[in-house]
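Understanding the architecture of this molecule
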Amino acid sequence: MIFCGASLVTQFHLAEGIQSFPAALHWIFSNLIPDETAMERLPKILDKLVETALLSVAVTVLAGICAFFFSLLGSGITKIHWSINRLVRIVAAFFRNVPDVVWAMLLMFSFGQNILTGFFALFFTTFGLLTRAFIETIDEVSSNCVEALEATGGRFIHVVFQGILPSSLPSVITWVLYMIETNIRSSTLIGILTATGIGYLFDLYYKRLDFSSASLVVLSIVVLVLVIEGVSNKIRKVIL
Amino acid sequence: MALLEFQNVSKSYDNVTKALSDITFSIEKGEFVSIIGPSGAGKSTLLRCINRLVDASEGTIVFDGHDVRKAGKAEMRQMRAKIGMIFQHYNLVERLSVIENVLHGCLGKKSAISGMAGHYTEEEKKEAFRIIQEMGLSDQVYKRCDELSGGQKQRVGIARAIMQKPKMILCDEPIASLDPKASKVIMDQLKEINQTKGITCLVNLHQVDVAIKYSERIIGVSGGKIVYDGPAEHLTKEIIQQIYQSSANDLIMDLQR
Amino acid sequence: MSEKVLQPGTTISLDLEKIMERTGKGKIKIKAKNKSRYALQALMVTLLGLTVVAFATFDYQNIDFAEAVQATLQNIQTVFLEPELTRDTLTSVLYQLLVTFCLGILSTIIGAFFAFFCSLLCARNIASSRMVNGIKSFIAVVRAVPTVLWVLIFAVSAGLGSVAAVVGLTFHSFAYLTKAYAESIEEIEPGIIEALKANGASYWQIVFQAIVPSTITSMVAWTFMRFEINFTNAVAMGAAAGAGGIGFNLFMAGSFYFDLQEMGMLTYIVVIAVVLLEMVSTRIKAYVK
C-alpha cells in the first residue's frame, strides 16, 4: 500500500522501471569497451581520477584530525561540562545533516569552479559524520583506561595522548578509510554539480552523447573504488 | 596522625538516594584493610571518593594531611600521584606495551609535553623494568597488553600502581574477574607489597573468605553505611548476614581458614 | 622499606639488561613489538604524505582565498540566518518533500525485496562458497559506481525523472542491503538450521521458518537505516540529476535563481526531516536491540 501511494506521488511506474532495464543493460554493454576516442581521452581521465583520489584523501584526513579533537569535547568520558558536550553534538549534527549539495552550491557562489569548492563541501559533511562516529568510538573504547590514567594523577592531555588516542586509533583509522572511499563517490556527484573534477568530465561526455568516454569514466571510478576497498580491507585485518 | 580519614562523608548521585551516607573511619599507615559488602552497597563509590574519581557530596576526607575535597586541580593531581589504584577490569591501555602501561604510573610527575609524547627518562624506564621483573612479567615486557591473560594484566595493573611510589593503593575488586589460581597470586602480591614496602592497602572485595584470610581489619558496608569496622577475626556469621542482608546459608563461603 | 629492591640491585640490573632492548642510541625501547603498530604508523605517514601531495598539486586557479572565504561566510549568514521562501509556497515545498520521501521509500522497498533473495545466495552458512564469492564481487562492483552515475545511466533509456531516480537509487540500496542481510543471516546459530534440516524441511521451509524469524528484527533495522540514507541521496539526486523532489527545488534556487534565502529555508526543511528520521531510526534500533 505504501508502495502504491509512493508510486502515485512520484509518478513512478514499476513496469517502466523494469522496461528500462534492458535498454540500460544494452547501454552498459555496448559502451563497456571503450572506443578509440575514449582511449585518447584516457590520460585526461586518469589525471582527473588521481586528482579526485587525492582530494578525497586530503579531505578525509584533515576532517578526521579536526573531528578527533572536536569529538573529545563531545564525548561524555572526558568530563567536560555537559553544555559543551551538547553543543558539540548539535554542531556535528548540523554539519552532518545539511546535504553536501547545499554546501557545494553555496560555495560555488564564492569559490566558483574551483577544486576548493568540492574540498570544503566534502569537508563539512565528512567532519560532521566523523565527529559523531568518533564520539561513539571514544565512549565505547576508552572509558576504562581514562579512569586509570586520571587516577595516576595524569593531566588531561596525558589522558588523551596516552590513553584515548592509542585505544581508539584502529577504529578511527577504519572510519577514515571508509570515508575516503565514500568521498570518492560523493565527489563525483559534487563534481557534476559544480563542474569540477571527474564528475564534470563525466557530465561533459554524457551531455555530448559521447557515451563510450563516459563509460570509461565510470569504469575508472569503479576500479579506483574497488582498489581502495581492497586495500582498506587488507589494512583493517592487520591493524585490528 | 592517620593516613586517611573519612568524616561524615555522604554521596548521592541524584540528590535523592544516597550511595554513601555518613561514613566515618580512619586508616593508619601500613594497614591492610578490606571493604566487603553486596554489589551496589557503595564500595566502589567509597574508594573513588578518595582520589576524586567521584566527588563526595558532604563531609571531609583527609589524606596525608591534605583535605581532598578542597584541593585545587594541581593539588589533586599531586595527591592522585601518591595513591595507586587497581581495577576489576585492569583498565590498561590494551594496545600499548606492558612497559608503556607501567610507565603510565609516573604520568603524575611528568610535564604536559613529555607525558603527552610518552618520553620517559632512562631512570624511570629502569625502575619500570625492575618492577616488572619483581612482578614476574619479564617475558611479557614488549608484548601488547591485549595479548596477556587476566592474571598477567592485573599484575601489570599492580606494577603501574607501584610505579607511582604510592603511599596507599586502592584496589577495586582486584580479583573479581580472575580464576582462583590467579586470584591467589594477585592477593599474595598485594600482601607482599603491603608488608615489604609498607604501602597501605585498601581493598574492595566480594569474597568474604579472601578478606578474612588476607586482612587484619575489615569494614563491612551495606546500603551505603558502615555496619562493621573491626578486626577480621571478630567477624561473625551474624555480622556477615547483616552485611549481606540474607541468611548465611545462602552465601557461598567458607569461614574455616 | 624499599631495601628489598635496592639491596640486590646489582644482580637484578644484570638480569634487567637481558630483558631490556636498546635503540641504536643506547636508549631503552618501550614500544610494543607488534606488526599492527608498524602497519598503523606506515599507514598514517602515507595518508599524511598523500594529503601534503594533494595540497601541493591542486590547481587553485589563483583564487583569492581570503576574499572567497569572506564571501562564503557572508553567504552562509544569508542562507542560515535569513531563510525565507521567496518563490515557492510552503505547501508546494512540503509536497516536494513528500515526493523525495516517496523516492526514498520506493527505492528502499524494491532494493530490500531483491536484496532479501540475493542475500540468501551469499550468506556463507546457507550457500556454496563459490556462489558467495561470485555474488559478493558483483555487489562490490555495483556499490563502487556512484549513485548519481547509476541514475544518469538509467536516464539514457528512461529519461530524466522519477523512474531513472528510483532505479538508480535502488542499485545502491540493493548492494548495501544484500551485504547487511547476508551478515545477519550468517549470525544465526547453526543449530537452528540443522534442526530443521534434520526434520527434512525443504529449502523454502528453512528460509521462512528459521531464517526469516531469527533475522527479521535486524533486517528491519538495516532497512530503516538504508531508508535514511536513501532519503538524503534522493535530495542529492534531485539536485544533481534532475530527479525531482525537494532536491530539484534546491538546485533551482541555488544554481538558477541564485536565491540564497530560499535555499536556506529549503535546507532547513531538509535538515529537520533528516533529524526526525534519525530520531525514529534511533528508536527502532534501540527497540530492536
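This structure is a prediction, so every number in the text was calculated from the model and none was measured. (Residues numbered from 1 in each chain as written. Chains lettered and ligands numbered in written order. Predicted model: local features only at pLDDT ≥ 70, side-chain atom pairs only at ≥ 80, totals over all residues. Heavy atoms only, no water.)

When you go through chain B residue by residue, the secondary structure sums to 9 helices and 10 strands. Whereas a compact globule of 257 residues would reach a radius of gyration of roughly 18 Å, chain B reaches 18 Å, a difference of no more than 12%. In terms of its C-alpha atoms, chain B occupies a principal-axis envelope of roughly 55 × 40 × 35 Å. Across chain B, the fraction of contacts at a sequence separation of at least 24, relative to all contacts at a separation of at least 6, is 67%. Counting only carbon and sulfur atoms, one obtains 49% of the accessible surface of chain B, whose full area is about 10,500 Å². (Helix = DSSP H or I, 4+ residues; strand = E, 2+ residues; numbered from the N terminus. Rg over C-alpha atoms; globule rule 2.2 N^0.38 Å. Contact = heavy atoms within 4.5 Å. Areas by Shrake-Rupley, 256 points an atom, 1.4 Å probe, with all protein chains shown as cover.)

Note: interface size is frequently given as the accessible area lost on complex formation between the parts. Each partner contributes residues to the interface: chain B has 29 residues there, and chain A has 21 residues. Across the chain B/chain A interface, buried area totals approximately 2,100 Å², and carbon plus sulfur atoms make up 57% of it. Contact with chain A buries surface across chain B, with Arg77(B), Arg95(B) and Met116(B) losing the most and accounting together for 28% of the total. The interface formed by chain B and chain A contains 1 salt bridge. Among the ionic pairs, Glu147(A) bridges to Arg48(B), the shortest N-O distance being 2.6 Å. Mapped onto the side of chain B that touches chain A, the elements with two or more residues apiece are α2 (73-81), β6 (83-86) and α4 (112-117) of chain B. (Buried area = accessible area lost by both parts, 1.4 Å probe. Salt bridge = Lys/Arg side-chain N within 4 Å of Asp/Glu carboxyl O.)

Let us look at the packing of aromatic side chains. Taken as a whole and assessed by the stated rule, the structure comprises 46 aromatic pairs over all chains. Pairing Phe68(A) with Phe69(A) gives two aromatic rings, centres 5.6 Å apart and planes at 85°, and the pair type is edge-to-face. Overall, Phe68(A) belongs to the buried group, its relative accessible area being 7%. Taking the relative accessible area as the measure of exposure, Phe69(A) reaches 41% and is therefore partly exposed. When the ring centre of Phe32(B) is taken as reference, the NZ or CZ atom of Lys191(B) above it lies at 4.8 Å. (Phe/Tyr/Trp six-rings, centres within 6.5 Å; stacked < 30°, edge-to-face > 60°. Buried < 20%, exposed > 50% of the residue type's maximum accessible area, 1.4 Å probe, protein only. Lys NZ or Arg CZ within 6 Å of the ring centre and 35° of its normal.)

All names here are of chain B. One open sheet holds the 4 strands; their spatial order is β2-β1-β4-β5, and the pairing between them is antiparallel. Looking at the sheet topology across the chains shown, the edges are occupied by β2 (18-27) and β5 (66-67). Inspection of the sheet shows strand β4 (residues 58-63) paired to β5 by 2 bridges, in the antiparallel sense. When the bridges of β5 are listed, valine 62 appears paired with aspartate 67. Strands in contact with helix α1 (residues 43-50) are β1 (4-12), β2 and β4; relative to β2, the strand with the most contacts, it is inclined by about 60°. (Pairing = 2+ DSSP bridges. Axes fitted to C-alpha atoms, helices over the stretch in contact; angles between N-to-C directions.)

Let us now look at the confidence of the model for chain A. Residues at a pLDDT of 70 or more form 93% of chain A, whose mean pLDDT is 87. Confidence scores differ between elements of chain A, with helix α1 (residues 2-10) of chain A showing the lowest mean pLDDT of 66 and helix α4 (residues 42-74) of chain A the highest of 93. (pLDDT = per-residue confidence, 0-100.)

For the rest of this paragraph, the subject is the environment of Ile199(B). Residue and element names in this part refer to chain B. Here isoleucine 199 shows up in the loop between α7 (180-197) and β8 (200-205). Linking isoleucine 199 and glycine 84, residues 115 residues apart in sequence, is a C-alpha distance of 9.8 Å. Excluding anything up to four places from it in sequence, isoleucine 199 contacts Pro166, Lys167, Met168, Ile169, Ile193 and Asn194.

Before going further, it helps to spend a moment on the interface of chain A and chain C. Contacts between chain A and chain C engage 70 residues on the former and 77 residues on the latter. Roughly 6,300 Å² is buried in total at the junction of chain A and chain C, and carbon and sulfur atoms are behind 83% of that figure. Taken as a group, Asn97(A), Met105(A) and Phe109(A) account for 10% of the area that chain A buries against chain C, more than any other trio of residues on that side. Here chain A is connected to chain C by 4 salt bridges. Arg96(A) is paired through a salt bridge with Glu278(C); the nearest N and O atoms lie 3.0 Å apart. Inspection of the chain A/chain C interface yields 9 residue pairs in polar contact (both at pLDDT 80 or more). (Polar contact = N/O pair within 3.5 Å; in protein donor to acceptor, adjacent residues only side chain to side chain.)

The next point concerns a nonpolar patch on the surface. Residue and element names in this part refer to chain C. A cluster of nonpolar residues, Phe113, Phe114, Phe117, Leu121, Met131, Tyr203, Trp204 and Phe208, forms a patch on the protein surface that exposes about 800 Å² of accessible area. The set of elements that each furnish at least two residues to the nonpolar patch consists of α5 (90-121) and α10 (203-241). Of the residues forming the nonpolar patch, the biggest block, 4 residues, is contributed by α5. Within the secondary structure, methionine 131 is located in helix α6 (residues 129-144). (Patch = residues over 30% accessible without salt bridge, like charges linked within 9 Å, V, L, I, M, F, W, Y side chains within 5 Å.)

On to the environment of Lys225(B), then. On the secondary structure map, Lys225(B) appears in strand β10 (residues 225-231). Separated by 13 residues in the primary sequence, Lys225(B) and Glu238(B) have C-alpha atoms spaced 17 Å apart.

We now examine the pairing of β4(B). Residues and elements named next belong to chain B. Direction of pairing for β1 relative to β4: antiparallel, over a ladder of 5 bridges. Note on β4: the bridge partner recorded for leucine 4 is phenylalanine 63. Between β4 and β5, which follow one another and run antiparallel, lie 2 residues, and aspartate 64 among them has a positive phi close to 55°.

Time to look at the sheet that holds strand β3 (residues 32-36) of chain B. Residues and elements named next belong to chain B. Pairing in this open sheet of 6 strands is mixed, and the strands run β6-β7-β8-β3-β9-β10 from one edge to the other. Because the sheet does not close on itself, it has two edges, and the strands there are β6 and β10. Sheet twist, expressed as the mean angle between neighbouring strand axes with direction ignored, is 15°. Sheet topology note: the strand β7 (residues 168-172)/β8 ladder contains 5 bridges and is parallel. Along β8, the bridge assignment pairs cysteine 171 with valine 203.

We now examine the nonpolar core. In this structure, Trp103(A), Phe202(A), Ile36(B), Phe129(B), Leu235(B) and Val148(C) are the most contacted members of the largest nonpolar core, which totals 216 residues. Among the elements that line this core, the one with the most residues is helix α9 (residues 156-194) of chain A, at 15 residues. Not counting the four nearest positions on each side in its chain, Phe129(B) is found in contact with Ile99(B), Val141(B), Tyr142(B), Leu16(C), Ile19(C), Met20(C), Ile28(C) and Lys29(C). Membership of the second largest hydrophobic core comes to 34 residues, among which are Leu53(B), Ile61(B), Val68(B) and Met85(B). (Core = buried A, V, L, I, M, F, W, Y, C linked by side-chain atoms within 4.5 Å.)

Before going further, it helps to examine α7(B). With 18 residues, α7(B) should cover 26 Å at 1.5 Å per step; its first-to-last C-alpha distance of 25 Å lies within 8% of that length. Along α7(B), the positions that sit buried rather than exposed are Ala182(B), Ser183(B), Ile186(B), Met187(B), Gln189(B), Leu190(B), Lys191(B), Ile193(B), Asn194(B) and Lys197(B). (Expected span 1.5 Å × (residues − 1).)

This brings us to the pattern of salt bridges. Inspection of every chain in the model, using the stated rule, returns 29 salt bridges over all chains. Linking Arg143(C) and Glu181(A) is a salt bridge whose minimum nitrogen-to-oxygen distance equals 3.3 Å. Placement of the pair is Arg143(C) in helix α6 and Glu181(A) in helix α9, with the two residues belonging to separate chains. Using a relative accessible area of 13% as the deciding quantity, one classes Arg143(C) as buried. For Glu181(A), a relative accessible area of 3% translates into the label buried. Between Lys153(B) and Glu94(B) there is a salt bridge, and its shortest N-O distance comes to 3.3 Å. Taken together, the residues span a long stretch of sequence, with Lys153(B) in helix α6 (residues 150-163) and Glu94(B) in the loop between β6 and α3 (98-103) at a distance of 59 residues. On the basis of relative accessible area, Lys153(B) is assigned to the buried category, the value being 13%. Here the salt bridges do not stand alone but share partners, grouping Glu181(A), Arg185(A), Glu229(A) and Arg143(C) into one network.

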